[in-house]
Amino acid sequence: MVLINTCMKLQEIHAHLDRKGTYNTTQKEVFCDWLVRDCPLQLEAGLTLMPKKVFYKHVPAYKEVKENKIFRHLTKQELEKATNNFLETLSRLVYKNGYKRFGLKIKGIYVIEGNGINRDFHSHLAFEKPKGMQWNELARLVKKALEMNGEFEIINPSYDYKKLNDAYRYKLDIVDDGWVNYITKELGSKKVHNVHFYQ
C-alpha cells in the first residue's frame with residue numbers, strides 16, 4: 001500500500017498513478033466498460049448469426065463431372081447489409097403496427113467478426129429485449145425473422161445428435177460482461193470501428 005503525502009501536487013499524483021498503470025486502458029476496454037455500465041441501451045439479448053453462402057457461378061460439366069454451382073461467402077459489406085435487413089425484419093415482427101406508425105425498432109449494436117479468408121464473416125448482436133416480452137416469445141420471433149430474411153443459416157448442416165453438437169447455426173443468449181467481451185474480442189485495442197449501432 002502506498003501512502004500519499006498530503007502535500008503532493010496534483011501533477012505528482014497523476015504521474016504516480018500513471019506509473020502504476022492506471023491510465024493504460026485502451027479504447028476497447030473503455031468501450032466495453034461503457035457498453036456494460038453507462039450505455040443508454042439496455043442490452044439484454046445477444047445473438048450470433050452465420051450467413052448463408054451466395055451463388056457465384058456455374059461450372060460446366062466436364063468429362064464425368066456433372067454441372068456444379070459454385071457458392072461464395074458474403075463480403076463484410078454484404079454481411080452488414082444482411083444484418084441490418086435482419087434487424088428490420090425482427091423489428092417489424094416485434095412491434096407490428098408500431099414499427100410502421102411510430103418507427104419503433106429493436107435497438108442495439110452488432111459486430112462483424114472474421115477475416116473472409118480462413119474465418120468466415122459472421123455477426124454478433126447485442127440488443128434490447130422488448131419490455132414485457134418473454135424470452136421464449138423473443139426466441140420464436142428471432143427464428144421467424146431468420147426464416148423470413150433468408151440470408152442466415154438456421155439449421156447446422158453438420159448436426160449429429162450423437163456428437164451433441166448444436167442443431168442450429170444461430171444462438172440467442174443473455175448479455176452480460178462476458179458476452180460484451182466475447183463479441184468485441186477481435187476489435188483492435190485502439191480500433192472500435194467494426195461496431196455498428198442500430199437504432
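See the structure above.
Residues numbered from 1 in each chain as written. Predicted model: local features only at pLDDT ≥ 70, side-chain atom pairs only at ≥ 80, totals over all residues. Heavy atoms only, no water.

Section: the overall build of the protein chain
And step 1. Along its length, the protein chain carries 6 helices and 7 strands.
And step 2. Along the chain direction, N to C, the helices and strands of the protein chain fall in the order α-α-β-β-β-α-α-β-β-α-β-α-β.
And step 3. Relative to its full complement of 199 residues, the protein chain shows a buried share of 34%.
And step 4. Of the roughly 13,500 Å² that the protein chain leaves accessible, carbon and sulfur atoms contribute 52%. (Helix = DSSP H or I, 4+ residues; strand = E, 2+ residues; numbered from the N terminus. Buried < 20%, exposed > 50% of the residue type's maximum accessible area, 1.4 Å probe, protein only. Areas by Shrake-Rupley, 256 points an atom, 1.4 Å probe, with all protein chains shown as cover.)

Some thoughts on unusual backbone geometry
Excluding glycine, residues mostly carry a negative phi; peptide bonds, for their part, are mostly trans.
And step 1. Although it is not a glycine, Lys96 sits at a positive phi angle of roughly 50°.
And step 2. Residue placement: Lys96 occurs in the loop between helix H3 (76-95) and helix H4 (97-102).

Some details on H3
And step 1. Between its terminal C-alpha atoms H3 stretches 28 Å, which fits the 28 Å expected from 20 residues at 1.5 Å a residue.
And step 2. Taken as a whole, H3 has its buried residues at Leu79, Ala82, Thr83, Phe86, Leu87, Glu88, Thr89, Leu90, Ser91, Leu93 and Val94.
And step 3. Contact partners of the buried residues in H3: strand S1 (43-49), H4, strand S4 (108-113), strand S5 (122-128), helix H5 (135-149) and strand S7 (195-198).
And step 4. A positive backbone phi angle near 50° is found at Lys96, which sits one or two residues after H3. (Expected span 1.5 Å × (residues − 1). Contact = heavy atoms within 4.5 Å.)

Observations concerning the pairing of S4
Consecutive side chains along a regular strand alternate between the two faces of the sheet.
And step 1. Buried residues dominate S4, accounting for 6 of its 6 residues.
And step 2. A two-sided burial pattern is seen for S4, the buried positions comprising Gly108, Tyr110 and Ile112 on one face and Ile109, Val111 and Glu113 on the other.
And step 3. When S4 meets S5, the two strands line up antiparallel, connected through 6 bridges. For Ile109, the partnering residue across the bridge sits in S5 and is Ala126.
And step 4. Here S4 runs beside S7; their pairing, made up of 4 bridges, is antiparallel. Bridge pairing links Gly108 to Tyr198 in S7. (Pairing = 2+ DSSP bridges.)

A closer look at helix H2 (residues 27-37)
Note on helix geometry: an α-helix contains 3.6 residues per turn, so any two residues three or four positions apart are oriented the same way.
And step 1. Those residues of H2 lying buried are Lys28, Phe31, Cys32 and Leu35. Projection of H2 onto a plane perpendicular to its axis shows the buried side chains occupying an angular sector of 100°, all on one side. (Arc of directions from axis to C-beta.)

A few points about the environment of Leu79
And step 1. Among the secondary structure elements, Leu79 is positioned in helix H3.
And step 2. With 27 residues separating them in the primary sequence, Leu79 and Lys52 have C-alpha atoms 9.8 Å apart.
And step 3. Residues in contact with Leu79, not counting those within four places in the same chain, are Pro51, Leu74, Ile112, Phe121, His122, Ser123 and Phe152.

What to know about the sheet that holds S4
And step 1. Strand order in the open sheet formed by 5 strands is S6-S1-S5-S4-S7, and the pairing between neighbours is antiparallel. Two strands bound the open sheet, and with one partner strand each, they are strand S6 (171-174) and S7. Direction aside, the axes of adjacent strands within the sheet are offset by 20° on average.
And step 2. Contacts from H3 reach S1, S4, S5 and S7, with the element oriented near 150° to S4. (Axes fitted to C-alpha atoms, helices over the stretch in contact; angles between N-to-C directions.)

Things to note about the side chain of Asn149
And step 1. Structurally, Asn149 can be placed in helix H5.
And step 2. Relative accessible area serves as the criterion here: at 15%, Asn149 is assigned to the buried category.
And step 3. Beyond its immediate stretch of four places on either side in the chain, Asn149 contacts Ala82, Asn85, Phe86 and Thr89.

Topic: the packing of H3 against H5
And step 1. The N-to-C vectors of H3 and H5 enclose an angle of 125°; their axes lie 9 Å apart at closest approach. In terms of orientation, H3 and H5 fall into the oblique class. Classified by chirality, the crossing of H5 by H3 is right-handed. From H3, Ala82, Asn85, Phe86, Thr89, Leu90, Leu93 and Val94 reach across to H5, where they touch Leu141, Val142, Lys144, Ala145, Leu146, Met148 and Asn149.
And step 2. Taken together, the residues of the contact of H3 with H5 sort by class into 10 nonpolar, 3 polar and 1 charged. (Parallel < 35°, antiparallel > 145°, perpendicular 65-115°, else oblique. Left-handed = near helix turned anticlockwise from the far one by under 90°. Nonpolar A, V, L, I, M, F, W, Y, C, P; charged D, E, K, R; others polar.)

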